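In case you want the letters, here they are:
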Amino acid sequence: MLELGGGIFLDNFEEIEPGKLIIVKKIVGNYTKNISEKLNGFKKIMVSLEGENTYKIKIEIEASEKFVAQGEKENLFFALDEALSGINNQITQ
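Predicted model only: the values in this text are computed from it and were never measured. (Residues numbered from 1 in each chain as written. Predicted model: local features only at pLDDT ≥ 70, side-chain atom pairs only at ≥ 80, totals over all residues. Heavy atoms only, no water.)

Moving on, we come to the packing of helix H1 (residues 18–38) against helix H2 (residues 76–92). Between H1 and H2, the least distance of the axes is 11 Å, while the angle of their chain directions is 5°. Here H2 runs roughly parallel to H1, going by the angle between their axes. Judged by residue contacts, Lys20, Ile23, Val24, Ile27, Val28, Tyr31, Ile35 and Lys38 of H1 engage Leu76, Phe77, Leu80, Asp81, Leu84, Ser85, Ile87, Asn88, Ile91 and Thr92 from H2. Per-class residue counts for the contact of H1 with H2 are twelve nonpolar, three polar and three charged. (Axes fitted to C-alpha atoms, helices over the stretch in contact; angles between N-to-C directions. Helix = DSSP H or I, 4+ residues; strand = E, 2+ residues; numbered from the N terminus. Parallel < 35°, antiparallel > 145°, perpendicular 65-115°, else oblique. Contact = heavy atoms within 4.5 Å. Nonpolar A, V, L, I, M, F, W, Y, C, P; charged D, E, K, R; others polar.)

Written as structure tokens, this is what we have:
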């Protein structure tokens, strides 16, 4: 598990190539910054990766409430965006 600081954790991303991992970190960091500004009591975000042929991303946010969203695509970045957008939609409702 990778801990990026600021309550950001990436699980099962150790096998991702370094170039892609840098982009993942930036995407998650930007979303987390926006989410933590909107959400009272933000504690942490956990981004988990599963799958071999397709990327399955699960995101869990711990705050005053718990939020969970998932994304599954053949492209890592599209799966990540789908899951993060799902979280963002839950928070803005």
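Moving on to the environment of Leu2. Inspection of the secondary structure assignment puts Leu2 in strand S1 (residues 2–5). Along the backbone, Leu2 and Ile16 are 14 residues apart, and their C-alpha atoms lie at a distance of 12 Å.

Turning next to H2. In this model, H2 (17 residues) spans 24 Å end to end at C-alpha, consistent with the 24 Å of a helix rising 1.5 Å per residue. All of the buried residues in H2 are Leu76, Ala79, Leu80, Ala83, Leu84, Ile87 and Ile91. All buried residues of H2 fall inside an arc of 120° around its axis, so they share one side. On its buried side, H2 packs onto H1, strand S3 (44–50), strand S4 (55–62) and strand S5 (66–73). At the N-terminal boundary of H2, the capping side chain belongs to Asn75, with an oxygen 2.8 Å from the backbone nitrogen of Phe77. (Expected span 1.5 Å × (residues − 1). Buried < 20%, exposed > 50% of the residue type's maximum accessible area, 1.4 Å probe, protein only. Arc of directions from axis to C-beta. Polar contact = N/O pair within 3.5 Å; in protein donor to acceptor, adjacent residues only side chain to side chain.)

Time to look at the pattern of salt bridges. Applying the stated rule across the entire model yields four salt bridges. Measuring nitrogen to oxygen at the nearest pair gives 3.2 Å for the salt bridge that ties Lys66 to Glu60. On the accessibility criterion, Lys66 (54% relative accessible area) is exposed. We note a salt bridge from Glu82 to Lys73, for which the minimum N-O separation is 3.8 Å. Relative accessible area serves as the criterion here: at 36%, Lys73 is assigned to the partly exposed category. Three or more residues are tied together by salt bridges with common partners; here these are Lys58, Glu60 and Lys66. (Salt bridge = Lys/Arg side-chain N within 4 Å of Asp/Glu carboxyl O.)

Before going further, it helps to examine H1. For H1, built from 21 residues, the straight-helix expectation of 30 Å at 1.5 Å per residue is met to within 8% by its first-to-last C-alpha distance of 30 Å. Every buried residue of H1 is accounted for by Leu21, Val24, Val28, Tyr31, Thr32 and Ile35. Buried residues in H1, looked at end-on, bunch into an arc of 110°, giving them a common side. Within H1, the exposed residues directed more than 90 degrees away from the buried face are Ile22, Lys26, Lys33 and Glu37. On its buried side, H1 packs onto S1, strand S2 (8–11), S3, S4 and H2.

Attention now goes to unusual backbone geometry. Backbone phi values are negative for most residues with the exception of glycine, while trans is the configuration of most peptide bonds. The phi dihedral of Asn12 is positive, around 70°, even though this residue is not glycine. In this fold, Asn12 is placed in the loop between S2 and H1.

Bear in mind that shape data such as this cannot, by itself, settle questions of function.
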